[in-house]
Amino acid sequence: NYGANFLWPVTTSFTAPPAIAAFVANNEIPFNFATRATVTAGVRYVLPVPESVGEIVFNADYYWSDKLPFSGTFSPSYDLVNARLDWNGIAGGPIDLSLFGRNLFDKEYQSTGAAAGAFLGFTTAIYGPPRTFGVELRYRFGQ
């Protein structure tokens, strides 16, 4: 699977109301928190095992985001890789087991901008979560 998003936001016309005209630096609207491009791609593979074993599925995905504009500055671009292994219906029963990893290469990245005080000389950003591993166990009632 794959997907992409491409934006080229441009202000074509803008007139500031008189009450705020003195505070507007130019006649363009800043498109904060909108990256110009994001791309994602993934693979899903179902292992060919006997039905009595259950269903074993491997998923992996890649995500890339262009730099993120906010309050006159930019958070840098970043990319992430995630993976998941599911064993559904273990031995034909109602139990599923999953192992997953997110941000597998432990990238440090700014997922979004936050408060900005350029007039005070600072901006802040919210960082994305570090590498995470986990296990999920599910029991399906009524089977």
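Engineer: Hey, could you go over the environment of A22 for me, with residue numbers and the actual values?
Structural biologist: Inspection of the secondary structure assignment puts A22 in the loop between strand 1 (2–6) and strand 2 (37–46). The spacing of A22 and G3 is 19 residues in sequence and 42 Å in space, taken between C-alpha atoms.

Engineer: Describe the pattern of salt bridges, with residues and values.
Structural biologist: For the structure on display, the rule yields six salt bridges. A salt bridge links K107 to D79, with the nearest nitrogen and oxygen atoms 3.1 Å apart. Separated by 28 residues along the polypeptide, K107 in the loop between strand 7 (95–102) and strand 8 (110–117) and D79 in strand 6 (residues 78–88) bring together distant segments of the chain. We note a salt bridge from R84 to D86, for which the minimum N-O separation is 2.9 Å. Taking the relative accessible area as the measure of exposure, D86 reaches 11% and is therefore buried. It is possible to trace a salt-bridge network through shared partners that takes in R84, D86 and E136.

Reading guide: rules and limits
Residues numbered from 1 in each chain as written. Predicted model: local features only at pLDDT ≥ 70, side-chain atom pairs only at ≥ 80, totals over all residues. Heavy atoms only, no water. Helix = DSSP H or I, 4+ residues; strand = E, 2+ residues; numbered from the N terminus. Salt bridge = Lys/Arg side-chain N within 4 Å of Asp/Glu carboxyl O. Buried < 20%, exposed > 50% of the residue type's maximum accessible area, 1.4 Å probe, protein only.

Honestly, it's all geometry; don't read function into it.
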